[in-house]
Each structure stands twice: as structure tokens, then as C-alpha cells.
Amino acid sequence: MVLENFIVLEGIDGAGTTTQLKMLKARPEAKNFLFTTEPTSYDTGKFLRQVLSGNVEVTPQTAAFLFAADRCEHVYGKLITEGDRNLVTGIEAACRDYRAVVSDRYFFSSLAYQSVGCGMTLPSLLNSTFPLPGLLFYFDIDPEVSLERVSRRGAKEIYEKLDFLVKTRSAYEEILKRYDRTQEGQGMKIVRLDATKSPAEISKIIWKNISKLP
């Protein structure tokens, strides 16, 4: 299933997805959009952020289950918002209500990140039933460049290491190829972005593609 008015921003840490989410939110044309992130700000996501910070240690397999559980609430849970534009849970409900939803990360992150630690089989199985977005933006960047960006913002998370991000970037490439070449990704448009371009240039490309959505 494809949620045509669901838009996802993906890439390794430091690629600039969060910056672009904020820039998109500031656009007057997007005043009726809802914006969200993964992990969520719901209780399931709050626990996951403890894992990402290193305060709670779990196995790679457990992390895969936790991310999928948080995503299940994110997609299928009751529509909950903070303020009038920040979605906590309920992506499917919001899309059914004809709201455009933009998410900083989705199950493609799990396929890329969790597969490094426990292989692709478990993350693929856990995320196989989630709907596809209508539009997926992939922010491509050299891990060394992305880590330089990450280091400027302070504390690092457990995945923000060069060797891990090199493997994650490679996993993303395989995932994109899979969705490009098979029926699995039918109905989803993938837009690759050079994440080293200026934020203004990237923002322009993103809006040009969003504005073409039905």
C-alpha cells in the first residue's frame, strides 16, 4: 500500500534531513502539512532515544523490534498532535483525512541501520507490512562529511561512527536499488539528493517535487 500524501526524508546521520524538515515547515505553502520524526515523541520513541543515546544497552535484534514497535504506533496509532502541525502518532489516520505528512526517517532507516548489526532478514520482516510513502527523498553524503557536521552539534549517538555509517550508506544504496527495480516499490517516487548542496538548493528541489503530488 502507498500513502500518496506521505513524504519521507532519509539519509545517514548528518545528511541534513532535520534541517530540511524545518525549512519545509517554514514554507507558507506547507501551512496545512503535518510534520513528524522517528523515533517518535510518543512513549515508545522516548525509550528508543535512551537506546540511541547509549543510556540503555540492547542487542541489535532487540533494537530492530523496538524501532518497529515505535513505528507501528507512529503509523497506525490514534492521531495525536502537539500544537497544530507536529504529529506524534497516527500517520495513516492523518493521510486518510487528506493531510500531507512529512517524516524525518521511516522504515528505510531501520532496513539500513539495523541490518548492519543483525542482517537484513529481521528488519525486512518486521517492516514488511508498513505502507510506502508516495515520495521518498534520499540525502546522499560521504560519511566523513556527515560526521564533521555531527561533531559540530555536540553529543553523538551510538550509530554515529565512521565505520558504521559507511556500512549504513552502502545498505541504503542496496535498499534503494531493491525498491527501484522490483514491484515492491511500485507507486513510490524516489528522489536522490546531493546532500552537499546548499540547504537552499536542496529545499528548492524538495518543494518542486512535493508540489507535483496529487
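Right, let's walk through the structure included here. (Residues numbered from 1 in each chain as written. Predicted model: local features only at pLDDT ≥ 70, side-chain atom pairs only at ≥ 80, totals over all residues. Heavy atoms only, no water.)

### Considering the pattern of salt bridges
Selection criterion: For salt bridges, the criterion is a side-chain nitrogen of Lys or Arg within 4 Å of an Asp or Glu carboxyl oxygen. By definition, any uninterrupted DSSP run of H or I lasting at least four residues is a helix, any uninterrupted run of E lasting at least two residues is a strand, and each is numbered from the N terminus. The rule is simple: take the accessible area with a 1.4 Å probe, protein chains only, and divide by the maximum for that residue type; under 20% is buried, over 50% is exposed, in between is partly exposed.
One pass over the structure, following the stated rule, counts nine salt bridges. Linking Glu92 and Arg96 is a salt bridge whose minimum nitrogen-to-oxygen distance equals 3.4 Å. Of this pair, Glu92 and Arg96 both sit in helix α4 (residues 91–96), four residues apart, which is roughly one turn of the helix. Judged by relative accessible area, Glu92 falls into the buried class, the value being 18%. By relative accessible area, Arg96 is classed as exposed at 57%. The salt bridge involving Glu174 is made with Lys177; its shortest N-O contact spans 3.8 Å.

### Remarks on the environment of Ile91
This is how it is decided: Note on contacts: a residue pair is in contact if any heavy atoms of the two residues lie within 4.5 Å.
Its location among the elements puts Ile91 in helix α4. Note on Ile91: relative accessible area 0%, which makes it buried. C-alpha separation for the pair Ile91 and Leu3, spaced 88 residues apart in sequence, amounts to 9.2 Å. For Ile91, the contacting residues outside a window of four places in its chain are Leu3, Phe6, His74, Val75 and Val101.

### Details of the nonpolar core
Nonpolar side chains tend toward joint burial in soluble globular proteins. The cut-off we apply is this: Residues belong to one nonpolar core when they are buried, are Ala, Val, Leu, Ile, Met, Phe, Trp, Tyr or Cys, and are joined through side-chain atoms within 4.5 Å.
Of all hydrophobic cores here, the largest spans 58 residues; its most connected members are Phe33, Phe108, Phe137, Phe139, Tyr179 and Ile210. Sorting elements by how many residues they give to this core places helix α8 (residues 162–181) first, with seven residues.

### Some thoughts on unusual backbone geometry
For the bond running from Glu38 to Pro39, omega is -5°, close enough to zero to count as cis. If you trace the backbone, Pro39 turns up in the loop between β2 (34–37) and α2 (43–53). Its identity as a non-glycine residue notwithstanding, Tyr98 has a phi of 65°, on the positive side. In this fold, Tyr98 is placed in the loop between α4 and β5 (101–104).

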